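Fold and geometry: a report
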Amino acid sequence: MAKKSVLVSYAGLPSFLLSSNWDQFKQTLLAQLPLRNIHWKSASRTSIRTIQELDVSLVPLDSIRDELTSQVPTSILEKPLLNLYIVTCENADLEAYRTTIKKQVKEWHATVSNRKNQEWMILHVVRPDAKTPSGTFFQLKGSVLDKLKADFNTDKRDRCMQLIWTTNPSMWGEFITKLKDGMLVAFEAAVAQREEEVKRSESQRQMPGWNFCTFFILKESLASSFEGVTLSDEALLQYDELEASFYQALKEKNLSWFGTLISPTSKDDSSPLLSISKKPYRDLILANTITVFDFRIYLLTRQCELLAQSGRTTEVCKKTSAFLGAFGRRLREVEKDLPRFFLQSWIYSSALSVVEQCDSWTSGLSDVQLAVLNAGKGELLELARNQLDLIGMNLGFLPQKPPFSNVWVPISTETKSTAKISNPQLLKALDSQDAFYEVYINTTNHAIDLYAKAGRRKFALKLHGSLAALDLHRGQLDVALTTYNSLPAHYAPHMWTSLESSMLQRALETHAALGKPKDREWIHILLSFLSTYASSSGADMLMKEDEKIAYISGLIDALKVSASELESDLPHPDHPAISTQVSSSATLAETRDGMYLDATVYNSLPCSLPIDEISVILTGRDSERQRFSIAVESLNPGTSQIRMFSPVSNAGTFLLESSEIRMSRLLFHWTHRRTSTPKVSRAGRTSGVLVRIPRDLQAFDVQLRQPPRVQFGQSPSMIVAVSTGRNEVSKAILKLSTSSVTFDCQDTSLHTDGSAEVEFTPDSIILSNLPRNHVVELLVPHSDVSVFNAMKVPIEVEYVTTAEISMTRVLRLSRIISTALPISVNVEDFFRGKQLFSKFTVSTLSHQHVRIASAVLEPPRIDDNKVRVVTSCSQKRSTATVTPSQPANFLFQIKSDGPVRDPLTLNIKYRMLREEVEFVIDMAIDEVLDTHPEWHAHRTQLHAKLIEMLESDASWVEIYSISGELDVPGSIVAPGELHEPIEKTKKILQSHQHPRSPQGPWHEISIPVDVPSMTSTYLYAGQPISALLSIHTTFHWGSHADDKQRQYSIQYDVEEMVKEWLVSGKKRGSFSAMDDTTFTVPITLVALHHGEFTLPRVVVSALPLQNELTMGSMSIPSTETYQVHGAEKVLILPRGGRSTFVLGMGST
């Protein structure tokens, strides 16, 4: 290693150098060192090089030896870069300068100025209190510094300066700057000269007598010079160029300047690799006797030292690992001339020594750099462990099979050398198998630890696998099996398929060697192995193709046997060996309930897979599920086409949820639903696959609707319509369930067909022996749902048909039934004496039209007061249509002999326009089928197609509402067998007219109507001008029969109309009111102007009742007032006539 400092010589008067002042000055000067931030701009380099810190050594000038002492090129730093002469006289002592100092400085200058590549500087040191020289106008004395500059600054450079001797660092700034500049000038000149010498020598390479070793020493002197000034990168560049020159000589096969390839000496195989003190390498190079082995080691050592000095320690491991591998292969060519296991011992010892050396170079490295360094050290230790693999296999300590045989190279037992290796650790391992295993395990664990610190899990786990293989070889099978089972879980997340496959295969072999039962644990290991096999197509198995097939087939057969012996199902998710793709649409079974779904199954294993069943699950809206399955004995390798069957059908668009393949108790399961953060699975399965299922109009079905008659105030119920379709059903079990509503299945009753065999249980309804094309309607009571507008009811039906008595179909549906009525009813009451007029307004609550057949207000069943209701509607009134913009009004007159306590009932018979149209279509279809019975099989399709055509265009609605003519719009787009039936049905519908009496099914709603009551009623008003205000009260509509005997306090107020009337008299006041009495008060009205306007308005209200409280406050009777003359206007004529006024004009 080069000395990292530069020389600066000093000289001066002997009296000063021998005095204590010099010692003090020298210490003050050394305190300003080392130099920092020196920027070297070389003419031969494109960028500035910065020397962060540079040590300077002060040496006496007379201690420097002569330049021609040695002919061996040395570092340019062996000579001073700067020569310093120190002058210490007073600045004004010109006499001393002339007589003594000038002569000595001149002699010194003559000596140093003739030295090549060295700079000089004269430093005049003065005390801070020194006097400044002065002169008269006619006599200029000057100073010593001026004389020095005049006598010795022969060029443009100023090499003379003055320094005020003080400890203040700021006073040294100029001197330090000149010191840096001088050394840089000398360094640049010396480097330029040495580089020129190197170029001249290299250009003579092809000339006779040229010597590579001499060239190496010359160029190395330049590298040492750069290293001395801490320019490590520049120094490393020189060694890299030397390495390239050596490779060129090696390529030219011109190594006459070296000795043999290797001449091993004692401890060559165990000495630290990066040590230049173990041999006199430079002397061997100068003597041209160095072996290639030693030369390469010396060159590598210098490069690694410079890398460490540059803070690039992370590159040391990489460089040494590459060197050991490359040069190790070169030495293998002469392995017979080396002691046995010399090469392995050298690589092993060198790798360990480099790891130890790098540990001493880790200071100042960041966490990232440490991680990279640990990875490099781990690679070196793995290289050392590989040498142990070679030694162990050649000694028989390790088997010649993976993972040990991955580095297998035969080592000759016959060598010409009788020497032995010198590594004591390996010597002990050669003699003892246990000692070998100990070294092997320790080295491997050390490498694992370094890989773990570096974050290289794959390499660490691979070495764990080799330790498991060692345990297996040593007979420690349980330990090996545990390791093999644990490692794949670490490989899988990183997609290290080859390592995972190798570990699993060894786990299977170890499991078999232990003779353990092939239980669930073994099945999991085997399935994981088959996963890796499918992912890599078996490329990681070191077998021939026919051997692979036989091996996998044997494992599959054993898997089938083990799966059949399991006590319960064993699910295994997302196995990549098998993939399933389904068709985008299902097809109807036609002759029975159910449908088919085509699928493609791919088996990536090289042999058939014995299975029992393949199934897929589709999910739709409201958690509807559709399962398709097929029984299969085996699944051949490659692609297989299958057709799966589902015994039930739910129409709609479904999503492929999952697929399953059953092998006895082993259940392979794949999930196909796309997640929120989709990831590409190893199976490469499709995600988000949609399957469209057509509607089977002849299949078993269940529909829900409201009952035809709804009575408010009674327990709600709904109609459950069970349709058998094409099936003769021997038994069907119906279950209704929802979280917010309770269904009373026990109290269910038949709504239409009383001949059906029905059994009611608390939680289900059982139907038996139902014929085909039969509909059973059930009236099912349920709990209150008034808070909901609609109710979603999950339905589950298990039914068995007589045609397939062994198959129980499970139909799961989700139906939505509206719990809100499609119409709303508002009532407005008008009291007129002993008569009550009630107007009911019926509006639709949806966008659909509602047809109303009748609206009847019925009196109470028990009528004590003989309530009589008179309707304003004609009994022959036609059906009314209620639209969103046009409600229907119904007016009734109510008379009674007394207060009405029981509510009346409003019965409204209605149906939706859609229901009426569907009924009309059904009648037309029946008419067509009567003349063409052969079309009966297309009835359902014909009905659905006509409804679809009406839904596509609403232009027919207005004409139908007026005349009943149903003109089906649009052209016919239907199968050929439906064209003629549709045309005939359309003609019948076009001639349809509304019947005089409503036909078809209707809904009926019964609404209880309470007759309003009031405590007091106020009637009549007075006449204009001289007026009498009369207030008539009646208690006829009171809530109690004894109300007519009571008295109430009433107040009145005549509102003033200040623009029309002036009211005079008792305009406001109160009185006691009794039943059927009149209170009168005279008032006078004065019209303020002529015109036609109404009478003043009278406000009448009741005062609170005494001693009666309602909800903590005084009770106020309810009242209603109408003014008899409230709508009449009074004509006020203009006032006529003449008036005379006499005015006094004063005296003349």
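Please read these numbers as outputs of a predicted model, since none were measured by experiment. (Residues numbered from 1 in each chain as written. Predicted model: local features only at pLDDT ≥ 70, side-chain atom pairs only at ≥ 80, totals over all residues. Heavy atoms only, no water.)

**Quick notes on the overall build of the protein chain**
- A tally of helices and strands in the protein chain yields 23 helices and 48 strands.
- Projected onto the principal axes, the alpha-carbon positions of the protein chain cover approximately 155 × 135 × 65 Å.
- Counting all 1148 residues of the protein chain, 45% fall into the buried class.
- In the protein chain, once contacts between residues fewer than 6 apart in sequence are set aside, the share between residues at least 24 apart is 72%.
- Accessible surface, the protein chain as shown: approximately 58,500 Å² in total, 50% of it carbon and sulfur.
- Here the protein chain contributes 119 positive and 129 negative side-chain charges, whose respective centroids are spaced 7 Å apart. (Helix = DSSP H or I, 4+ residues; strand = E, 2+ residues; numbered from the N terminus. Buried < 20%, exposed > 50% of the residue type's maximum accessible area, 1.4 Å probe, protein only. Contact = heavy atoms within 4.5 Å. Areas by Shrake-Rupley, 256 points an atom, 1.4 Å probe, with all protein chains shown as cover. Lys, Arg positive; Asp, Glu negative; His and termini not counted. Charge placed at Lys NZ, Arg CZ, Asp CG, Glu CD.)

**Thoughts on helix H6 (residues 212-228)**
- Compared with an ideal rise of 1.5 Å per residue, which puts 17 residues at 24 Å, H6 spans 24 Å between its outermost C-alpha atoms and is within 8% of the ideal.
- Of all 17 residues making up H6, 16 are buried, and the element is well covered by its neighbours.
- Remark: threonine 230 follows H6 within two positions and exhibits a positive phi of approximately 65°. (Expected span 1.5 Å × (residues − 1).)

**Quick notes on the confidence of the model for the protein chain**
- Here the protein chain shows a mean pLDDT of 83. Residues at 70 or above account for 91%.
- Predicted confidence for residues 1015-1024 stays below pLDDT 50, and this span has 47 contacts to residues more than four positions away or in other chains. (pLDDT = per-residue confidence, 0-100.)

**Quick word on empty space enclosed by the protein**
- The tally for this structure, following the rule as stated, stands at 8 cavities of 30 Å³ or more.
- Lining of the second largest cavity is provided by Val6, Ile38, Ile51, Leu54, Leu81, Lys180, Met183, Leu184, Phe187 and Val229.
- Sorting the residues of the lining of the second largest cavity by element identifies strand E3 (49-60) and helix H5 (173-203) as the ones contributing at least two each.
- Take the lining of the second largest cavity: its biggest share by element is 4 residues, from H5.
- Within the lining of the second largest cavity, the residues separate by chemical class into 9 nonpolar, no polar and 1 charged. (1 Å grid on protein atoms, 1.4 Å probe; cavity = no way out; pocket = protein on both sides within 12 Å on 5 of 7 lines; lining within 4 Å. Points joined across faces, edges and corners; volume = space filled by probe spheres on them. Nonpolar A, V, L, I, M, F, W, Y, C, P; charged D, E, K, R; others polar.)

**Observations concerning the sheet that holds strand E20 (residues 709-711)**
- Spatially, E20-E36-E35-E31-E33 is the arrangement adopted by the 5 strands of the open sheet, whose pairing is mixed. Edge positions in the open sheet fall to E20 and strand E33 (880-882), since each of these has one partner strand only. Within this sheet the neighbouring strands show an average axis-to-axis angle of 30°, counted without direction.
- Summarising the sheet, strand E31 (residues 850-858) and strand E35 (residues 904-912) pair through 8 bridges and their orientation is antiparallel. (Pairing = 2+ DSSP bridges. Axes fitted to C-alpha atoms, helices over the stretch in contact; angles between N-to-C directions.)

**Some words on the packing of helix H7 (residues 232-251) against helix H9 (residues 292-309)**
- The N-to-C vectors of H7 and H9 enclose an angle of 155°; their axes lie 9 Å apart at closest approach. By the angle between their axes, H7 is roughly antiparallel relative to H9. Crossing hand, H7 versus H9: left-handed. The segment H7 lies against H9, with Ser232, Ala235, Leu236, Tyr239, Asp240, Glu243, Phe246 and Tyr247 engaging Val292, Phe295, Arg296, Tyr298, Leu299, Arg302, Gln303, Leu306, Leu307 and Gln309.
- Partitioning the contact of H7 with H9 into residue classes produces 11 nonpolar, 3 polar and 4 charged. (Parallel < 35°, antiparallel > 145°, perpendicular 65-115°, else oblique. Left-handed = near helix turned anticlockwise from the far one by under 90°.)

**What about the sheet that holds strand E39 (residues 1048-1054)?**
- Strand order across the open sheet formed by 3 strands is E41-E39-E44, with antiparallel pairing between neighbours. Both outer strands of the open sheet, strand E41 (1068-1073) and strand E44 (1098-1102), are each paired with one neighbouring strand and no more. This sheet shows a mean twist of 25° between the axes of neighbouring strands, independent of strand direction.
- Bridging between E39 and E41 involves 6 bridges; their strand directions are antiparallel. Residue pairing across strands places tyrosine 1052 opposite glycine 1069, the latter belonging to E41.

**A closer look at the nonpolar core**
- Phe25, Phe175, Phe216 and Trp346 are the most contacted members of the largest nonpolar core, which has 198 residues in total.
- Take this core: its biggest share by element is 11 residues, from H9.
- In this structure, Val702, Val720, Cys745 and Ala756 belong to the second largest nonpolar core, which totals 30 residues. (Core = buried A, V, L, I, M, F, W, Y, C linked by side-chain atoms within 4.5 Å.)

**Some thoughts on the pattern of salt bridges**
- Throughout the structure, instances matching the rule amount to 46 salt bridges.
- A salt bridge links aspartate 598 to arginine 643; the nearest nitrogen and oxygen atoms lie 2.8 Å apart. Residue aspartate 598 is found in strand E10 (residues 595-603), and its partner arginine 643 is found in strand E15 (residues 638-646); the two are separated by 45 residues along the sequence.
- What makes aspartate 598 partly exposed here is its relative accessible area of 33%.
- The partner of glutamate 804 in a salt bridge is arginine 809, and the shortest N-O contact between them spans 2.6 Å. (Salt bridge = Lys/Arg side-chain N within 4 Å of Asp/Glu carboxyl O.)

**Brief notes about the packing of aromatic side chains**
- In this structure the tally under the stated criterion is 43 aromatic pairs.
- Ring geometry for tryptophan 210 against phenylalanine 212: centres 6.3 Å apart, planes inclined by 70°, an arrangement best described as edge-to-face.
- Three or more aromatic residues joined by ring pairs form one cluster here, namely Trp210, Phe212, Phe215, Phe216, Phe246, Tyr247, Phe258, Tyr281, Phe295 and Tyr298.
- Seen from the ring of phenylalanine 645, arginine 592 lies directly overhead, with NZ or CZ sitting 3.9 Å from the centre.
- A cation over an aromatic ring shows up here: arginine 911 above the ring of tryptophan 1002, its NZ or CZ 3.8 Å from the ring centre. (Phe/Tyr/Trp six-rings, centres within 6.5 Å; stacked < 30°, edge-to-face > 60°. Lys NZ or Arg CZ within 6 Å of the ring centre and 35° of its normal.)

**Some details on the environment of leucine 770**
- Tracing the backbone through its elements, the reader meets leucine 770 in strand E25 (residues 765-770).
- A sequence separation of 43 residues divides leucine 770 from asparagine 727, and the C-alpha atoms of the two residues are 8.4 Å apart.
- Aside from chain neighbours lying at most four places away, what touches leucine 770 is Thr724, Asn727, Glu728, Val729, Ala756 and Val776.

**Some remarks on helix H14 (residues 433-454)**
- Taking 1.5 Å as the rise per residue, H14 with 22 residues should run 32 Å; its terminal C-alpha atoms sit 32 Å apart, in good agreement.
- Within H14 the residues assigned to the buried category are Ala435, Phe436, Tyr437, Val439, Tyr440, Thr443, Thr444, Ala447, Ile448, Leu450, Tyr451 and Ala454.
- For H14, the secondary structure elements touched by its buried residues are helix H11 (342-359), helix H12 (367-395), helix H13 (424-431) and helix H15 (457-473).
- Sitting at the amino-terminal end of H14 is serine 432, which places a side-chain oxygen 3.2 Å from the backbone nitrogen of alanine 435.
- Backbone geometry just downstream of H14 places glycine 455 in the positive-phi region, at approximately 80°. (Polar contact = N/O pair within 3.5 Å; in protein donor to acceptor, adjacent residues only side chain to side chain.)

**Notes on the side chain of arginine 159**
- In this fold, arginine 159 is placed in the loop between helix H4 (144-152) and strand E6 (160-164).
- Ignoring any residue separated from it by four or fewer positions in sequence, one finds arginine 159 in contact with Glu119, Trp120, Met121, Ile122 and Asn153.

**Notes on the environment of alanine 507**
- Relative to the assigned elements, alanine 507 resides in helix H17 (residues 497-514).
- For the pair alanine 507 and leucine 472, spaced 35 residues apart in sequence, the C-alpha separation works out to 10.0 Å.

**Comments concerning a nonpolar patch on the surface**
- On the surface, a cluster of nonpolar side chains totalling about 250 Å² of accessible area is made up of Leu1062, Val1086 and Leu1088.
- Relative to the helices and strands, leucine 1088 resides in the loop between strand E42 (1077-1087) and strand E43 (1091-1094).
- Taking the relative accessible area as the measure of exposure, leucine 1088 reaches 45% and is therefore partly exposed. (Patch = residues over 30% accessible without salt bridge, like charges linked within 9 Å, V, L, I, M, F, W, Y side chains within 5 Å.)

**Section: unusual backbone geometry**
- Each neighbour pair has its own omega, and for leucine 33 with proline 34 the value is 0°, a cis peptide bond.
- Among the structural elements, proline 34 can be located in the loop between helix H2 (20-30) and strand E2 (35-40).
- Unlike most non-glycine residues, glutamate 590 shows phi in positive territory, near 70°.

**Focus on the packing of helix H20 (residues 913-931) against helix H23 (residues 976-990)**
- One can describe the packing of H20 onto H23 by two numbers: an axis separation of 9 Å at closest approach and a directional angle of 125°. On the basis of their axis angle, the class for H20 and H23 is oblique. As for the relative orientation of H20 and H23, their crossing is right-handed in sense. Note on element contacts: H23 touches H20 through Lys984, Thr985, Ile988 and Leu989, opposite Val920, Ile921, Ala924, Ile925, Glu927 and Val928.
- Within the contact of H20 with H23, the residues separate by chemical class into 7 nonpolar, 1 polar and 2 charged.

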